[in-house]
Amino acid sequence: MKNIGIIGGLSPESTILYYKVIVDDYRRRFQSENYPNIIIYSVNFGEFTKLISEGRNEDAAKILVEAAKALERAGADFIVIAANTPHMLLNYIEPEIKVPILSII
C-alpha cells in the first residue's frame with residue numbers, strides 16, 4: 001500500500017476533508033476498516049498567504065518545498081496539496097523532490 005503525503009494546514013478545513021474522503025473512499029471501495037498510511041505536514045496559512053500577497057512567491061515556495069521534503073523523508077510515495085493556491089507554485093516544488101505531486105490543476 002502506498003504512503004500518502006498531504007501538505008495541509010493551509011486550509012485546515014480542506015485538510016480534514018482530504019483526509020476524510022481518502023479514508024472513507026478506501027473503506028467503501030475495499031469493504032475494509034483498513035486505509036492507507038497518511039502523513040500530514042501542516043503549513044502555517046497566515047505566513048504562506050502573507051508571502052503570496054507581498055509577491056514573494058519564491059519565499060512561499062520554500063515553505064512548500066520544506067513540507068514536501070519532510071513528507072518525502074517520512075516515507076510518502078506521493079504528495080497532494082490540500083489547498084488551491086499553492087498549486088501555482090508547483091514549478092518551484094517539483095524539481096526539488098523525487099516523489100510525484102498529484103496536482104488538482
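Quantities reported herein were computed from a predicted structural model and do not represent experimental measurements.

Thresholds, definitions, all that
- Residues numbered from 1 in each chain as written.
- Predicted model: local features only at pLDDT ≥ 70, side-chain atom pairs only at ≥ 80, totals over all residues.
- Heavy atoms only, no water.
- Salt bridge = Lys/Arg side-chain N within 4 Å of Asp/Glu carboxyl O.
- Helix = DSSP H or I, 4+ residues; strand = E, 2+ residues; numbered from the N terminus.
- Buried < 20%, exposed > 50% of the residue type's maximum accessible area, 1.4 Å probe, protein only.
- pLDDT = per-residue confidence, 0-100.
- Core = buried A, V, L, I, M, F, W, Y, C linked by side-chain atoms within 4.5 Å.
- Contact = heavy atoms within 4.5 Å.

Engineer: Outline the pattern of salt bridges, listing residues and values.
Structural biologist: Evaluation of the coordinates by the stated rule reveals nine salt bridges. Between D25 and R28 there is a salt bridge, with the nearest N and O atoms lying 2.3 Å from each other. Of this pair, D25 and R28 are both found in helix α1 (residues 12-30), three residues apart, which corresponds to roughly one turn of the helix. The shortest N-O distance in the salt bridge between K62 and D59 comes to 3.8 Å. One end of the pair, K62, and the other, D59, are both in helix α3 (residues 57-73), three residues apart, so they sit about a helical turn from each other. With a relative accessible area of 55%, K62 lands in the exposed category. Judged by relative accessible area, D59 falls into the partly exposed class, the value being 27%. It is possible to trace a salt-bridge network through shared partners that takes in K50, E54, R56, D59 and K62.

Engineer: Give a detailed account of the confidence of the model for the protein chain, specifying residues and quantitative values.
Structural biologist: On average, residues of the protein chain carry a pLDDT of 93, and 100% of them reach 70 or more. Within the protein chain, α1 has the poorest average pLDDT of any element, 92, and α3 the best, 98.

Engineer: I'd like a description of the nonpolar core, backed by residues and values.
Structural biologist: If you look at the biggest cluster of nonpolar residues, it comprises 24 residues, and the most contacted ones within it are I7, L10, I79 and I93. The set of elements that each furnish at least two residues to this core consists of α2 (45-53), α3, β3 (78-81) and α4 (90-93). What I7 contacts, discounting residues up to four positions off in sequence, is Y41, V43, L64, A67, A68, L71, I79, V80, I81 and A82. I4, V23, F78 and V80 belong to the second largest nonpolar core, which has seven residues in total.

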